[in-house]
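Coordinates in review
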Amino acid sequence: MPLSVAPAGQTSPVTYHPSGGTLPFSDAVEVGHTLYLSGKIGTGADGKLVPGGVQAETRQVLANIEASLNKYGYVRANLVKCTVMLADMGDFAAMNEIYGAWMPRPYPARSAMGVSGLAAGAKVEIECIAAR
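My aim in this report is to walk through the structure given alongside it, one point at a time. (Residues numbered from 1 in each chain as written. Predicted model: local features only at pLDDT ≥ 70, side-chain atom pairs only at ≥ 80, totals over all residues. Heavy atoms only, no water.)

1. Regarding the pattern of salt bridges
Put simply, the rule is: What counts as a salt bridge is simple: a side-chain nitrogen of Lys or Arg found within 4 Å of a carboxyl oxygen of Asp or Glu. Segments assigned H or I by DSSP are reported as helices when at least four residues long, segments assigned E as strands when at least two residues long, and all are numbered from the N terminus. Each residue is placed in one exposure class: buried if its accessible area under a 1.4 Å probe, protein chains only, is under 20% of its type's maximum, exposed if it is over 50%, and partly exposed if it falls in between.
For the coordinates displayed, the defined rule picks out three salt bridges. Note that Arg132 is salt-bridged to Glu30, the shortest N-O span being 3.2 Å. Note that Arg132 is positioned in the segment after strand E8 (124–131) and Glu30 in strand E3 (residues 26–31), a separation of 102 residues in sequence. Under the relative-accessibility criterion, Arg132 is labelled exposed at 52%. The partner of Arg76 in a salt bridge is Glu66, and the shortest N-O contact between them spans 2.8 Å. Taken together, the residues Arg76 in the loop between helix H1 (54–71) and strand E6 (79–86) and Glu66 in helix H1 connect sequence positions ten residues apart. The class of Glu66 is partly exposed, set by a relative accessible area of 22%.

2. Points about the nonpolar core
Worth spelling out the cut-off: Each nonpolar core is a collection of buried residues, namely Ala, Val, Leu, Ile, Met, Phe, Trp, Tyr and Cys, held together in the definition by side-chain atoms within 4.5 Å. When checking whether two residues touch, look at their non-hydrogen atoms; a contact exists if any pair is within 4.5 Å.
In this structure, Leu35, Ile65, Leu69, Leu79, Tyr99, Val124 and Ile126 are the most contacted members of the largest nonpolar core, which totals 23 residues. Here the element with the most residues in this core is H1; it accounts for five residues. The residues touching Leu79, leaving out its near neighbours within four places in the chain, are Leu69, Trp102, Met103, Pro108, Cys128, Ile129 and Ala130.

3. Focus on H1
Worth spelling out the cut-off: By this rule the span expected of a helix is its residue count minus one, scaled by 1.5 Å.
When the terminal C-alpha atoms of H1 are compared, their 25 Å separation across 18 residues agrees well with the 26 Å that a helix rising 1.5 Å per residue should span. Buried within H1 we find Val54, Ala56, Glu57, Thr58, Val61, Leu62, Asn64, Ile65, Ser68 and Leu69. On its buried face, H1 sits against E3, strand E4 (34–37), strand E5 (40–41), E6, helix H2 (92–102) and E8. Taken from the residues just after H1, Gly73 is the one with a positive phi, measuring 85°.

Next comes the structure, spelled out in structure tokens:
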């Protein structure tokens, strides 16, 4: 169940949408008409990474992002900023092919970086901000 609070001196409530699990983070936090999504990895309904490498994981990550957006009343066109984290920057072109085909134009701002590791051995993680 979401938790809405209005911090001292702020009129807009902050709504925390729980992850549904036991990990210490929210799936998303909404401030006014801005939604901050936690990073998503390519896990399917069974909670396991999808097989098939970085492109398959990227497709699943984007499906997970879209599911969260829709759950909170947002759509792809509301995306304004995404951050892509790759376990191997050598996978950038393969990830970017899937990302670019999925993302609506005009594209949101984006950062991409290589990291030394991701949760569950994922190859890619993407976090996004949406606004309406």
